[in-house]
Each structure stands twice: as structure tokens, then as C-alpha cells.
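Here is how the chains run, residue by residue.
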Amino acid sequence: MGEPMLSLEEARERILAAVKPAAPKSLPLQEALGLRAAEILYAQVDLPPFDNSSMDGYAVRAADLAEARAERPVTLRVTEKIPAGGEAGASLEPGACARIFTGARLPPGADAVVMQEDVKTDAAQPGVAAFCETPRPWENIRFRGEDVKRMARLTHIGTTLAAPRLGLLAAQGFQDVRVYPRPVLGMIATGDELREGGGSLMPGQIYESNRVALGALAERAGAKPKIFPLAPDELPATKTALERAFAECDAVVTTGGVSVGEMDFVKAAFAELGGQIDFWRIAIKPGKPFAFGQWNGKLLFGLPGNPVSAFVTFYLLVCPAVKIMLGAKSAELPRVTRVLAEPLANEGERRHFMRVRVDAKEVRLAGPQASHRLASLANATGLVDVPPKTTLPAGTEVEVLYW
Ligand code: AMP
Ligand code: MG
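Worth saying up front: this structure is predicted, and the values here are computed from it rather than measured.

About the cut-offs
- Residues numbered from 1 in each chain as written.
- Chains lettered and ligands numbered in written order.
- Predicted model: local features only at pLDDT ≥ 70, side-chain atom pairs only at ≥ 80, totals over all residues.
- Heavy atoms only, no water.
- Phe/Tyr/Trp six-rings, centres within 6.5 Å; stacked < 30°, edge-to-face > 60°.
- Buried < 20%, exposed > 50% of the residue type's maximum accessible area, 1.4 Å probe, protein only.
- Helix = DSSP H or I, 4+ residues; strand = E, 2+ residues; numbered from the N terminus.
- Lys NZ or Arg CZ within 6 Å of the ring centre and 35° of its normal.
- Near = heavy atom within 4 Å.
- Polar contact = N/O pair within 3.5 Å; in protein donor to acceptor, adjacent residues only side chain to side chain.
- Areas by Shrake-Rupley, 256 points an atom, 1.4 Å probe, with all protein chains shown as cover.
- Core = buried A, V, L, I, M, F, W, Y, C linked by side-chain atoms within 4.5 Å.
- Contact = heavy atoms within 4.5 Å.
- Pairing = 2+ DSSP bridges.
- Salt bridge = Lys/Arg side-chain N within 4 Å of Asp/Glu carboxyl O.
- Axes fitted to C-alpha atoms, helices over the stretch in contact; angles between N-to-C directions.
- Left-handed = near helix turned anticlockwise from the far one by under 90°.
- Nonpolar A, V, L, I, M, F, W, Y, C, P; charged D, E, K, R; others polar.
- Lys, Arg positive; Asp, Glu negative; His and termini not counted.
- Expected span 1.5 Å × (residues − 1).
- Arc of directions from axis to C-beta.

**Q** Could you clarify how one ought to interpret the packing of aromatic side chains in this entry?
**A** Pairs of aromatic rings are described using the distance from one ring centre to the other and the angle between the two planes. Overall, the coordinates contain 9 aromatic pairs when judged by the stated rule. Aromatic side chains Phe 292 and Phe 301 sit 5.5 Å apart centroid to centroid with 45° between the ring planes, which places their arrangement in the tilted category. With relative accessibility at 0%, the residue Phe 301 sits in the buried group. For the ring pair Tyr 315 and Trp 403, a centre distance of 5.4 Å and an interplane angle of 75° mean the geometry is edge-to-face. Of this pair, Tyr 315 sits in helix H6 (residues 307-325) while Trp 403 sits in the segment after strand E29 (397-402), and the two are 88 residues apart along the sequence. The positively charged end of Lys 267 is found above the aromatic ring belonging to Phe 279, 4.0 Å away from the centroid.

Now the structure itself:
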């Protein structure tokens, strides 16, 4: 055939050498979940911004209550009421206390808050509160800056913005954050035999499934899939489909039409658009010919049409690229180690990424492994890389790449 036969690692390296993180973009915090920060953010304020009460209760001078005992309560005058969001109030005079609520500013002079459950009041004697115990100094007080000091670092470049960190940024008054935005991946399926679901099939036709399956993998990886209409096996139509997808997306994924058959137009159409194409065979099963190209800084991933081949090559080669676009330093896919419950046999000459089902303890085959077998793919949760001409016996510890 003439196309170079690459190892999976070589193919991955070539792809990753061409991939760059997406141009950073400022997004509202609500839209940044799971993305990576593309800026270093520092705390703009101390958190808490002022000393405040952690309880509903009474702000006191602890020294006033040094003699307070259950048998001999000490009474203090209640001189003010400080709600959350209100003024800190006047300085507490000896013998006085302040009614205070959670999050309210501590009045000057106060050095403890006694929780309201421990304070006796009497409706007949408003303005007086009785205390039965000496508070510990600074009890129930949250200090300015004890949580976050102004100028503390809140994000690094590449910090993943999970829910709690988004909360921290919001608590610092940020509304937006610069992130590596989700790349938009255009999904094109080529093939005259393909039909959209919903309609009925004519003889020889099949329902198209790759755009949905790969779109879901893309979404899982953090990209935004964009589904384009079915493309027939014809040069001008394939060219138009690619042109449109490149205009609207950061990268384009095609399936089918990338072999060396006379009905395979993806490479030719891409070349006619002026794209630089690299065409390889990859020494793995499933996954035959694979086209990779660049056009005006955008990427083309031309995957094989067989649904299992498309899924596996997307997972092994496109998902890592998406990670890099999202600002990750490492393109490694998640792995777990598990014990084989049954043997995995690869009689072929290429590494076989076998579809397996992983549970808490074990790994077993997900079903028949041919590259058109969607039912076993649907049953699978990951892949095991079985070397050529090798049988891994039951009981072997294997690494599983899982989605
Ligand atoms: P191709 O790579 O175009 O030669 O297609 C290989 C096999 O995959 C053929 O049996 C196609 O009918 C099938 N196929 C191609 N594209 C899709 C698709 N998007 N959905 C389902 N099957 C497909
Ligand atoms: Mg085809």
C-alpha cells in the first residue's frame, strides 16, 4: 500500500506535536466547570474580610465572665444588636454584651461569642443576659484572613476548575475566569449507505452511528461535538462538507472514506482544500488507515468507518489531543489495574486493543471482538492492550484504559 505503518505511540506523538492548547477565553464562572485556568488568580480580599461571629449568640468581653458559674450566673447589659451585614457597632464597654448573629461583624472590645443556647434571657427583663460559664478566649470568632489572605494564589495555569474552586473564586468576587475553552469538534460521517435514524432503511442501507458515539466520547473528553449532515461518497460533496465544518469548528473528525478504496474521498477532498495530510496505517487492531491533517492551524482526524475502529482510534488518539487543547500537561488516558477473569488471546500480528468490561475486581471480555460488533462495544467499559501473538492467561494483572 505504501503508507507507513506506525506504532500507536508514534502516531500519538505526531498528533500531539501538532496540537496546541486552545486560545484562552474569559468565561463566566458558571460556564467554567471542569475547564482549566489559563491565568494565575490572586485573592483580591481577605477571607473572611472582617472578624465575625460563627454563631448566633452574644459578643462579650471574656474577662467580664471570669466568675460565671452555673450556680452563680453573671449578668451583662445587652447594649446593641448586630445583624449580619450590619455595622460592627460601638466598642463594648465593661459589663456590656451585644446580641450578634452568624457572620455579623464583631464589635471592638469583644473577644468571645457565647452561643445563644448557653445564655439565659428573660422577657420580663429585656436588656439583660445571664451567663453560666467563662468562655474560652476568642471562642466562636472567625478572624479576618484566616481562610484566605489577600494576594494568596487561587489558581495556577492549568488548575482544573472543579465546583469547590469555582466557589472560592466567587467568594473572592470574581465573575469570570480565563480558561482554555472547550474545542469544537465537527463530526462528519461519510458513506452512501448511511441513513439518519428515524427513517426506514432501503436495501443496503444502515443507520449512521459514529457521530453520536464519537460525539459522546468527545463530550466526555471535554470538547463540544458539532454534528454535521451525512456526506455521500463523492469528492465535491466531501469537500463541501469539510469546508463547512472547518469554518465552524476547531478540529474536524470524519469517519469512513479514508481507506485506499476508490470510494474513499476524505484525503483527496482535504488535499484539494489545501490541507496538509499525513496518512498512516497504525499497527493496532481495530483501527486500520488513519488520516491526520492540518489546515490553517486546525486539525483533521480521518478515522476508519467501522464503528468499533472509529471508537477505539478516537479514544486512543483524539481524546489525548482534546486533553492538550484543554490545557492539560499530560495526555495520558485514565487507567486501572485489574485481574483477568478469563484469558485474552490475540492470535494476530498487531497489538489488539480488546474491549473489556471492568468491575470492582476483575476484567472480562465484553463480547466478540470484530470491528463491526457494536453490541460488544456497548457492553465494554475499557480496553486492554494485548501484544501480538500473545495469550494473557486468567489471573494476569492488566492495565485497563477505560472511558
Ligand atoms: P469505510 O471505512 O467507509 O470503508 O467503512 C467501513 C465499514 O464501516 C462499512 O461497513 C461501513 O458501512 C461502516 N460504516 C462507515 N461509517 C459508518 C457510520 N458512520 N456508522 C455506521 N457504520 C459505518
Ligand atoms: Mg465508506
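Still more ground to cover, so stick around.
**Q** What is the right way to read the site of ligand 1 from this model?
**A** For ligand 1, the set of nearby residues contains 14 residues, the closest of which are Glu 193, Glu 208, Ser 209, Gly 257 and Gly 305. A distance of 3.1 Å is found between a nitrogen atom of ligand 1 and a backbone nitrogen or oxygen belonging to Ser 209. Contact distances for ligand 1 include 3.2 Å between a nitrogen atom and a side-chain N or O atom of Asn 210. Protein chains shield 75% of the accessible area of ligand 1, which is 480 Å² for the free molecule.

**Q** What is the right way to look at the nonpolar core in this model?
**A** One broad rule of soluble globular proteins: the nonpolar side chains tend to lie buried together. Counting 59 residues, the largest nonpolar core has Ile 15, Leu 185, Val 253, Phe 290, Phe 301, Phe 314 and Leu 316 as its most contacted members. No other element matches the 14 residues that H6 contributes to this core. Ignoring any residue separated from it by four or fewer positions in sequence, one finds Phe 290 in contact with Ile 15, Asp 278, Phe 279, Trp 280, Ile 282, Phe 301, Gly 302, Leu 303, Thr 313 and Leu 317. Phe 246, Val 252, Phe 270 and Leu 273 belong to the second-largest nonpolar core, a separate cluster that totals 15 residues.

**Q** Hey, could you run me through the pairing of strand E7 (residues 96-100) in this one?
**A** When a strand is regular, its side chains alternate between the sheet's two faces. Counting buried residues in E7 gives 5 out of 5 residues, a clear majority hidden from the surface. Taking every second residue as pointing to the same face, both faces of E7 are buried, with Ala 96, Ala 98 and Ile 100 on one and Cys 97 and Arg 99 on the other. Bridging between strand E5 (residues 57-60) and E7 involves 3 bridges; their strand directions are antiparallel. Looking at E7, one finds that Ala 59 is bridged to Ala 98. Here strand E6 (residues 74-82) pairs with E7 via 5 bridges, running parallel. Within the sheet, the bridge partner assigned to Arg 77 lies in E7 and is Ala 96.

**Q** I tried to follow the pattern of salt bridges on my own but got confused; where do I start?
**A** Where charged atoms from two side chains of opposite charge approach closely, those side chains can pair. Using the criterion set out here, one finds 15 salt bridges in the structure. One salt bridge in this structure joins Glu 332 and Arg 12, with 3.5 Å as the shortest N-O distance. You can see Glu 332 sitting in the loop between H6 and strand E23 (335-340) and its partner Arg 12 sitting in helix H1 (residues 8-18), a full 320 residues away along the chain. Here Arg 144 ties to Asp 46 by a salt bridge, and the two come within 2.8 Å at their closest N and O atoms. Separated by 98 residues along the polypeptide, Arg 144 in the loop between strand E11 (141-142) and strand E12 (153-155) and Asp 46 in the loop between strand E3 (41-42) and strand E4 (52-53) bring together distant segments of the chain. For Asp 46, a relative accessible area of 16% corresponds to the buried category. Overlapping salt bridges bring together Arg 12, Glu 332, Arg 335 and Glu 399 as one network.

**Q** Is there a simple way to explain the sheet that holds E6 in this structure?
**A** Two strands in a sheet stick together by hydrogen bonds in their backbones, pointing the same way (parallel) or opposite ways (antiparallel). Pairing within the open sheet is mixed, and its 6 strands lie in the order E8-E5-E7-E6-E10-E9. Because the sheet does not close on itself, it has two edges, and the strands there are strand E8 (112-115) and strand E9 (119-121). Averaged over neighbouring strand pairs, the angle between their axes works out to 40° when direction is ignored.

**Q** I would appreciate a short explanation of the packing of H1 against H6 in the present structure.
**A** Relative orientation and spacing of two packed helices are given, respectively, by the angle between their axes and the distance between those axes. The N-to-C vectors of H1 and H6 enclose an angle of 30°; their axes lie 10 Å apart at closest approach. Here H1 and H6 pass one another in a crossing that is right-handed. Only Leu 316, Leu 317, Pro 320, Ala 321 and Ile 324 of H6 make contact with H1, whose side of the interface consists of Leu 8, Ala 11, Arg 12, Ile 15 and Leu 16. Taken together, the residues of the contact of H1 with H6 sort by class into 9 nonpolar, no polar and 1 charged.

**Q** How do you make sense of the side chain of Arg 99 when you look at a structure like this?
**A** Counting through the fold element by element, Arg 99 comes out in strand E7. Buried within the structure, Arg 99 lacks any salt-bridge partner; Asp 56 is the closest side chain of opposite charge, at an N-O distance of 6.0 Å. Beyond its immediate chain neighbours, meaning those up to four positions away, Arg 99 contacts Asp 56, Gly 57, Tyr 58, Val 78, Glu 80, Lys 81, Ile 82 and Gln 116.

**Q** Looking at this structure, I do not really get helix H4 (residues 235-248). What am I missing?
**A** Residue pairs spaced three or four apart in an α-helix point in one direction, given the helix's 3.6 residues per turn. Counted at 1.5 Å a residue, the expected span for H4 with its 14 residues is 20 Å, and the 20 Å between its end C-alpha atoms agrees. When we look at burial in H4, the residues that qualify are Thr 238, Ala 241, Leu 242, Ala 245 and Phe 246. Angularly, the buried residues of H4 cover 125° about the axis, an arc narrow enough to put them on a single face.

Fair warning: the whole summary comes from geometry, so function is off the table for now.
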